[in-house]
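These are the residues of each chain, in order.
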Amino acid sequence: MAAADDTHLLERLLKGEQRAYKELVTTYQSAMRAVAYAIVGQRHADEVVQDAWLSVVRNLARFEGRSSLKTWLLTITANAAKGRYKQNRREVLLDDLPSPHGTIGDDRFSPDDGHWAVAPYAWHQDTPEALLTEDELRKCLEHTLLSLSELQSSVLVLRERQGLELEEICNLLTLSLSNVRVLLHRARLKVFATVEHFEETGEC
Amino acid sequence: MLTCKEQVARSSDYLDGQLTFRERLLVRHHLMFCPNCRRFIRQMRLMQATLKIMPDEPVEGVEALAQRLAEERLKDHKGGD
């Protein structure tokens, strides 16, 4: 959202306009949830988002527009998450869980020369809209996203769906750039494998 | 020349603009000669675009939350800030 929109929305929020809050929640709740999910996991993500919203309202008058509203909201969410649950999640950081349709792994390449042993299957559709007309594929993708570790899934959502820069993701989740890159890459290959499987077999 | 496996390993960094100039050239060079990897990258981009436009799960209880937050704001405001 552009800075001018932020300013206008902010004025309405400061006046306590309920519709402005509805707009705010609808626009940003998913991104906030992804941040909370990455830090505290599924069980506590909703509580953290609730806490974050209250904190947002209480600090609204202090928002100075030095960052975008989105960045500010996500920072508050990350802080709420980190403040509430300080237990160590680092040990599961790069945990790679099995995915319903696997990944694009070593077995796809020839051990001799590193060329494709099983070439990527050509998908039938060449636009995202066309792919998603298959409701089954959408469900299948949701299933795969749920199979990812909390961190992998959040990093993927924040990057692909929320359009955050890698650096923003690092800052919010207190991860190194190389960890974010690894998480993102593994998540993408699994989602790729799901679409490929669906395109090839017509089934999830 | 990169192998296909090496190209795939660098694909996310390539798509995110995280490669050095030299590495980017290596990937481009590989793609120029490898239709399979071109397909892979094209479909990776398609997968990204698909994730992006997938409809959000509806947020439950938006109205109630919005009302609560608006009330909270008005309450704070009366407290003077």
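Residues numbered from 1 in each chain as written. Chains lettered and ligands numbered in written order. Predicted model: local features only at pLDDT ≥ 70, side-chain atom pairs only at ≥ 80, totals over all residues.

### Digging into the overall build of chain A
Right, on to step 1. A count of helices and strands for chain A gives nine helices and zero strands.
Right, on to step 2. With the principal axes as the frame, chain A shows a C-alpha extent of 65 × 40 × 30 Å.
Right, on to step 3. Looking at chain A as a whole, 41% of its 204 residues are labelled buried.
Right, on to step 4. Counted over contacts in chain A with a minimum sequence separation of 6, partners at least 24 positions apart contribute 75%. (Helix = DSSP H or I, 4+ residues; strand = E, 2+ residues; numbered from the N terminus. Buried ≥ 20, exposed ≤ 12 C-beta atoms within 10 Å, placed from the backbone. Contact = placed C-beta atoms within 7 Å.)

### Observations concerning the domain arrangement of chain A
All names here are of chain A.
Right, on to step 1. Along its sequence, chain A is carved into domain 1 (3-84) and domain 2 (90-201).
Right, on to step 2. For domain 1 and domain 2, the distance between their C-alpha centroids amounts to 27 Å.
Right, on to step 3. Taken together, the contact between domain 1 and domain 2 spans 12 residues of the former and 10 residues of the latter.
Right, on to step 4. Within the residue set of the side of domain 1 that touches domain 2, elements represented by two or more residues are helix H2 (18-40) and helix H4 (69-84).
Right, on to step 5. No other element matches the six residues that H2 contributes to the side of domain 1 that touches domain 2.
Right, on to step 6. Considering only residue class, the side of domain 1 that touches domain 2 consists of eight nonpolar, four polar and no charged. (Domains from an automatic or database assignment. Nonpolar A, V, L, I, M, F, W, Y, C, P; charged D, E, K, R; others polar.)

### Regarding unusual backbone geometry
Right, on to step 1. For Thr174 of chain A, which is not glycine, the phi dihedral falls at a positive 50°.
Right, on to step 2. Residue class for Thr174 of chain A comes out exposed when judged on the 12 C-beta atoms lying within 10 Å of it.

### Considering the packing of H4 of chain A against helix H8 (residues 166-173) of chain A
The packing of two helices is summarised by the inter-axis angle and the distance between the axes.
Residue and element names in this part refer to chain A.
Right, on to step 1. The geometry of H4 relative to H8 is characterised by a closest axis approach of 9 Å and an angle of 30° between their N-to-C directions. Between H4 and H8, the angle falls in the class roughly parallel. Contacts between H4 and H8 involve Thr71, Leu74, Thr75 and Ala78 on the former and, on the latter, Glu168, Leu172 and Leu173.
Right, on to step 2. Along the lines of polarity and charge, the residues of the contact of H4 with H8 split into four nonpolar, two polar and one charged. (Axes fitted to C-alpha atoms, helices over the stretch in contact; angles between N-to-C directions. Parallel < 35°, antiparallel > 145°, perpendicular 65-115°, else oblique.)

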